[in-house]
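Residues per chain are reported as follows:
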Amino acid sequence: MTARVLVTGGAGYIGSVVVDQLLARGCRVVVLDDLSTGHREAVAEGATFVHGGIGDRGAVESLLAREPVDAIVHLAAFALVAESVADPEKYRTNNVAAARVLLDAVVGAGVRRFVFSSSCAVYGHPQRTPIAEDAPLAPVNPYGETKLEFERVLSAGAARSGVAAVSLRYFNAAGATERRGEDHAPETHLIPNVLAVALGLRPSVDVFGADYATPDGTAVRDYIHVDDLADAHVRALDVPVDGTGALALNLGTGSGHSVRQVVAAARRVTGHPIPAADRPRRPGDPPELVAAVHRAAGVLGWRPRRSSLEEILASAWRWHQAHPRGYRS
Ligand SMILES: NC(=O)c1ccc[n+]([C@@H]2O[C@H](COP(=O)([O-])OP(=O)(O)OC[C@H]3O[C@@H](n4cnc5c(N)ncnc54)[C@H](O)[C@@H]3O)[C@@H](O)[C@H]2O)c1
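Since the structure is predicted, the reported quantities are computational estimates derived from the model, not experimental observations.

Cut-off values and rules
Residues numbered from 1 in each chain as written. Predicted model: local features only at pLDDT ≥ 70, side-chain atom pairs only at ≥ 80, totals over all residues. Heavy atoms only, no water. Helix = DSSP H or I, 4+ residues; strand = E, 2+ residues; numbered from the N terminus. Rg over C-alpha atoms; globule rule 2.2 N^0.38 Å. Buried < 20%, exposed > 50% of the residue type's maximum accessible area, 1.4 Å probe, protein only. Contact = heavy atoms within 4.5 Å. Areas by Shrake-Rupley, 256 points an atom, 1.4 Å probe, with all protein chains shown as cover. Lys, Arg positive; Asp, Glu negative; His and termini not counted. Charge placed at Lys NZ, Arg CZ, Asp CG, Glu CD. 1 Å grid on protein atoms, 1.4 Å probe; cavity = no way out; pocket = protein on both sides within 12 Å on 5 of 7 lines; lining within 4 Å. Points joined across faces, edges and corners; volume = space filled by probe spheres on them. Nonpolar A, V, L, I, M, F, W, Y, C, P; charged D, E, K, R; others polar. Core = buried A, V, L, I, M, F, W, Y, C linked by side-chain atoms within 4.5 Å. Pairing = 2+ DSSP bridges. Near = heavy atom within 4 Å. Polar contact = N/O pair within 3.5 Å; in protein donor to acceptor, adjacent residues only side chain to side chain.

**Q** Is there a simple way to explain the overall build of the protein in this structure?
**A** Each helix and strand counted, the protein has 10 helices and 14 strands in total. Taking 329 residues into account, the globule formula puts the C-alpha radius of gyration at 20 Å, and the protein, at 19 Å, falls close to it. Once the C-alpha set of the protein is aligned to its principal axes, its extents read approximately 55 × 45 × 40 Å. Counting the 329 residues in the protein, one finds 56% classified as buried. Long-range contacts, defined as pairs at least 24 residues apart, comprise 78% of the intrachain contacts of the protein with a sequence gap of at least 6. Counting only carbon and sulfur atoms, one obtains 51% of the accessible surface of the protein, whose full area is about 13,600 Å². For the protein, the distance from the average position of its 34 positive side-chain charges to the average position of its 36 negative side-chain charges is 2 Å.

**Q** Would you explain the layout of surface pockets in this entry?
**A** Empty space among the atoms can be located by rolling a probe the size of a water molecule over them. Of the volumes computed, that of the second largest pocket is approximately 410 Å³. Taken together, 21 residues make up the lining of the second largest pocket; nearest its centre are Asp183, His184, Glu187, Pro324 and Arg328. When residues of the lining of the second largest pocket are traced back to their parent elements, those giving at least two are helix H6 (190-198) and helix H10 (309-322). If one sorts the elements of the lining of the second largest pocket by residue count, H6 sits on top with 3 residues. Taken together, the residues of the lining of the second largest pocket break down into 7 nonpolar, 8 polar and 6 charged.

**Q** Teacher, can you tell me more about the nonpolar core here?
**A** One recurring pattern in soluble globular proteins: nonpolar side chains tend to sit buried together. If you look at the biggest cluster of nonpolar residues, it comprises 40 residues, and the most contacted ones within it are Ile14, Leu22, Leu251 and Leu300. Breaking this core down by element, the ones donating at least two residues are strand S1 (4-8), helix H1 (13-24), strand S2 (28-33), strand S4 (71-74), strand S6 (164-170), helix H7 (226-236), strand S11 (246-251) and helix H9 (294-300). If we ignore the near neighbours within four places in the chain, the residues touching Leu251 are Leu168, Arg169, Tyr170, Phe171, Ile224, Leu229, Ala232, His233, Ala296, Leu300 and Trp302. Counting residues in each nonpolar core, the second largest holds 26 residues, with Leu63, Leu103, Ala105 and Val163 among its members.

**Q** Hey, could you run me through the sheet that holds strand S14 (residues 288-289) in this one?
**A** Backbone-to-backbone hydrogen bonds join strands into a sheet, with any given pair of strands oriented parallel or antiparallel. One open sheet holds the 3 strands; their spatial order is S12-S9-S14, and the pairing between them is mixed. Strands at the two margins of the open sheet, each flanked by one partner only, are strand S12 (257-258) and S14. Relative to S14, strand S9 (residues 220-221) is paired through 2 bridges, and the arrangement is parallel. Bridging from a neighbouring strand, Arg221 pairs with Leu289 of S14.

**Q** Can you walk me through the site of the ligand in this structure?
**A** Of all residues adjacent to the ligand, which total 29 residues, the nearest are Asp33, Thr37, Leu75, Asn94 and Tyr143. In this structure, an oxygen atom belonging to the ligand sits 3.0 Å away from a main-chain N or O atom of Ser36. With the chains in place, 95% of the 820 Å² that the ligand exposes on its own is no longer accessible. Of all the elements, strand S5 (residues 113-119) adds the most residues to the shell around the ligand, at 3 residues.

See the structure below:
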């Protein structure tokens, strides 16, 4: 088991759960986060927290000199599709240029393994679903472009340096653990927005596109529980990788749910009527994104355990009821 791990973005939604699982397995964990979208309260007490940016080479180098690590899990990034369209440079600067500085610094410090948070956004509009890792890579927004570009930077860096690199392409992260949940501002993800209606914080939920060629006309996505995602990261730290490039693995369940199915399940879980209003499609939203998951299952010995829609919604509902205003409450 990898003993000492640097987690960038460990104060964020997914990173905070990765940190919890690493600590539970006895790892020493250092979190590097600038709190641009994360929360100090989300970082477990057992981790060493360093407030700083991944693009500050001097700061990363002195951190690694003080706290040597065997591996890095790199989650820190900006992740709002619409914002990336409005300000692509902001995304290139953080998600590619700063990440490149981080990669050089960790390779220079002798870190031997790099696990990267990529996204199904690298596939753009898939020609076929479920989407396999060798499907064409054709992102349709700057966010997806930055994820793909850093995958390529990482692959080249791994081939040069022999670092074992894994790019984990998450589908839709969702759900909560007892202590950690989703607290983004603005919140663009469906499930927290649906639950905000049940909490009385929003009047209704917007259904973007009701005329897709899907069974009920609404967009279909592959929702994966954040605890299952975190489990895959822990496993990715130990799988043999040959150092000739970055290994890409999809993380999803292999089945999808439509927006209407999510809203209907949320009504069952919360007992609230959750009014929904049909809106026009959002530009760049594919009708269906569902992962082919055989590669991750084979390589990681991993399968989702908490990712039924009911469990995702019930866990998120417990967290949002306890934290109606996120980590501030
Ligand atoms: N949430 C999803 O469904 C999803 C899907 C696919 C991929 N991802 C990827 O997973 C990662 C985590 O996503 P999340 O939903 O937890 O997002 P998040 O915004 O909750 O977490 C990102 C964290 O990174 C930190 N950060 C950002 N830029 C930084 C920098 N330059 N230096 C240091 N810290 C910085 C933020 O403060 C935050 O704590 C991201 O890379 C995202 O692109 C998320």
